[in-house]
Amino acid sequence: MEEGTKLEYNSVRNCKIKGKGGFRASSFIYGFVGLDNIGFVANMVSMVLYLSFKMHFDLSGSANTVTNLLGSTYLLSIIGGFISDTYLNRFNTIIIFGTAEILAWALMTIQARYSILQPKSNSLEGGIAVLFYVSVCLLALGTGGVRGALPALGADQFDENNSEGAVGKYFNWLLLSSVSGSAIGVTVIVWISTNKGWWMGFLISFATTFLGFIIFVFGKPFYQLQLPAQTPPLTRILQVIVAAIRNRKLQLPDNPQQLYEKDSDSSDPKIAHTNQFRCLDKAAVVPKSVEITEWRVCTVSKVEEVKIVTRMLPIIGSTIIMNTCLAQLQTFSVQQGYRMNRHFGSFEVPAPSVPVIPLLFMCILIPIYDLLFVPFARKITNHPSGITQLQRVGVGLVLSIISMGIAALVEIKRKNQSLKNPLQPIHVFWLSFQYAIFGIADMFTLVGMLEFFYKEAPIGMRSLSTSFTWISLSFGYFLSSAFVDIINSVTKRVSSSTKGWLDGQDLDQNNLQLFYWFLAILSCLNFINYIYWACWYKYKSDDQTSANDIGLPKSASVSRVPFLKVDHENDVTLQGLEDHKN
């Protein structure tokens, strides 16, 4: 590879490549994200009605199918993240998975266009079932793969050490472009789908997604691209675990500065040692008279990478319940809206367009947050993003609890009025309260998690790490489906009517409000759990000189850092790394 090409693909921590990176490069990504979300979000919020009316799914079946589709989409993001960190650069990964997404929209358009390709009853089978499941699987794979690599590609265009929080600003505006496209989708495309034909909505989704990828490709000359890590991320993790197990009988030094470290280029900075998970430190202890190999001895920085990933796991787990709550706003709340008065004057709002309320709130609040709140908070906290990423996530979790409580109260009001006089239902505007509050919660949580997982991740795992955000979403949607099935099964047995809370297609005969109360209480317990793990978490501290970590002058060579040599009788001697290499 020529020197110029190496420079282009090198780490972009300092964004010094002339004419590349920065907000000019990210503007192409913003355009792509906006156009892609026009179709994706619109069809995800209306899919529950499409499945009910065109594919003849029942109430819980349509809701579970949508949540399973969304769950699969976000779960498969880990594949895109893994491939872009391991085998391909992020740009090529997005192109490959984007092709699958475009093909999926084409297949869904064809099935929605021709009635012969749709089931005549609630029995989905044969070639019709094959076409349906192939299209949704391609959609999940393509969309998930793109989301696994895209956020990290955009963040790569900025200097993460920028005192003005350029990376945090990037994620804020990435969310703004996403919700702006989504707002157009849930109004324009949803109206077209419900009034002119579902196939037309899918066709427009195909067109906007294709146009988005054209814009994305045009931005290639401006992107700063990184080569995948020389060692795959999962391999690095396994090496530490295997080395720690093989060295489990060796004694740890009293001074962590004596653990094994070595030279590395500037794109792979040293990570300061932490005292958590000390059992993994044994991977950095060098046995006497044993050749140093990657599967026998690992550097402190590599060990700390595994510690970072391990510390992230409780944070992922603590945000799953919030995303379970989010799933209800895309399924049951849409079905609520269908049973409410949706007229504004002579215009009737399609039920799936109700989620435009939080999207509009976010379109207004994101610029206010980024341009006013962040600079103000920065003066007080001296944090580049105003508040820490975990504090931001915590705010979102509190707001999600409030949203579920309000959702339960609104459903009680809707149900009582519907039973009293079904010809005069309450107005759909009542749903705006739960949607608006959850929209603000999503603004805090989603960006906080993306920035957190990107900044905290080791450089070679950043796509994989940012996909942890989508994994949390995925588990939230899957958990929603599980809760629906479990609660229906349990309440059938204890109910005098032998009907579950969420059985059938008639909301007036169900107990959706109890399901919302259940999620609100569960979210409160989850928030307590999150507070514990957020306080326990220790942020990564990079030291690019490495010499500072051991009290040496900056000019000191890292190759002279002492390391431990331990024989089988646990006799400890010190020796310079260069001497060992020789």
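If you look the protein up in an unreviewed UniProt entry, it shows as Nitrate transporter from Solanum stoloniferum. As its UniProt record puts it under Subcellular location (unreviewed entry), the protein is described as follows: "Membrane".

Draft legend 1. Looking closely at the overall build of the protein. Secondary structure summary: the protein contains 18 helices and seven strands in total. Put simply, the protein has 582 residues, and 57% of those count as buried. Taking the contacts inside the protein whose residues are at least 6 apart along the sequence as the reference set, 81% of them involve residues at least 24 apart. With the model as given, the accessible surface of the protein reaches about 23900 Å², and the carbon-plus-sulfur share is 63%.

Draft legend 2. Examining unusual backbone geometry more closely. A positive phi angle, near 55°, is found at F277, a position not held by glycine. Position of F277 among the secondary structure elements: in the loop between β1 (270-271) and β2 (286-287). F277 gets classed as partly exposed once you look at its relative accessible area, which sits at 27%. If you check the backbone angles, N382 has positive phi at about 65° while not being a glycine. Note on placement: N382 falls in the loop between α13 (356-381) and α14 (389-420).

Draft legend 3. Spotlight on empty space enclosed by the protein. According to the stated counting rule, one finds four cavities of 30 Å³ or more in the structure shown. Looking at the largest cavity, its volume works out to about 680 Å³. Going through the elements one at a time, α2 (22-53), α3 (59-75), α6 (126-155), α7 (166-196), α11 (320-329), α13, α15 (431-456) and α16 (462-494) are the ones with two or more residues in the lining of the largest cavity. Top element by residues in the lining of the largest cavity is α2. It accounts for eight residues.

Draft legend 4. Quick peek at the pattern of salt bridges. Enumeration over the complete set of coordinates arrives at eleven salt bridges. Note that R278 and D281 form a salt bridge whose closest N and O atoms lie 2.8 Å from each other. Classification of D281 by relative accessible area gives buried; the value is 1%. Across the pair D281 and K307 runs a salt bridge whose closest N-O atoms are separated by 2.8 Å. Of the two residues, D281 is situated in the loop between β1 and β2 and K307 in helix α10 (residues 300-318); the sequence distance between them amounts to 26 residues. A single burial state applies to D281 and to K307, both of which are buried.

Draft legend 5. Geometry of the packing of α11 against α14. With their axes 10 Å apart at the nearest point, α11 and α14 run at an angle of 40° to one another. With respect to their mutual orientation, α11 and α14 come out oblique. Considering how the two elements wind past one another, α11 and α14 form a crossing that is left-handed. From α11, M322, C325 and L329 reach across to α14, where they touch G396, L397, S400 and M404. Here the residues of the contact of α11 with α14 are counted per class, giving five nonpolar, two polar and no charged.

Draft legend 6. Structural detail: the packing of α11 against helix α17 (residues 512-536). Running from N to C, α11 and α17 cross one another at 160°; their axes reach a closest spacing of 9 Å. Comparing the axis directions of α11 and α17 gives the class roughly antiparallel. Considering only the axes of α11 and α17, their crossing is left-handed. Side by side, α11 and α17 meet where I321, T324, C325 and Q328 of the first sit next to F515, Y516, L519, L522, S523 and N526 of the second.

Draft legend 7. Examining the nonpolar core more closely. Within the largest apolar cluster, 150 residues are counted, with the highest numbers of intra-cluster contacts made by I29, F171, F216, F332 and F515. Looking at this core element by element, the count peaks at 18 residues for α2. The residues contacting F332, other than those within four sequence positions of it, are L59, A63, V484, L502, L512, F515 and Y516.

About the cut-offs
- Residues numbered from 1 in each chain as written.
- Predicted model: local features only at pLDDT ≥ 70, side-chain atom pairs only at ≥ 80, totals over all residues.
- Heavy atoms only, no water.
- UniProt positions renumbered as here; feature names shortened; annotations may be inferred.
- Helix = DSSP H or I, 4+ residues; strand = E, 2+ residues; numbered from the N terminus.
- Buried < 20%, exposed > 50% of the residue type's maximum accessible area, 1.4 Å probe, protein only.
- Contact = heavy atoms within 4.5 Å.
- Areas by Shrake-Rupley, 256 points an atom, 1.4 Å probe, with all protein chains shown as cover.
- 1 Å grid on protein atoms, 1.4 Å probe; cavity = no way out; pocket = protein on both sides within 12 Å on 5 of 7 lines; lining within 4 Å.
- Points joined across faces, edges and corners; volume = space filled by probe spheres on them.
- Salt bridge = Lys/Arg side-chain N within 4 Å of Asp/Glu carboxyl O.
- Axes fitted to C-alpha atoms, helices over the stretch in contact; angles between N-to-C directions.
- Parallel < 35°, antiparallel > 145°, perpendicular 65-115°, else oblique.
- Left-handed = near helix turned anticlockwise from the far one by under 90°.
- Nonpolar A, V, L, I, M, F, W, Y, C, P; charged D, E, K, R; others polar.
- Core = buried A, V, L, I, M, F, W, Y, C linked by side-chain atoms within 4.5 Å.

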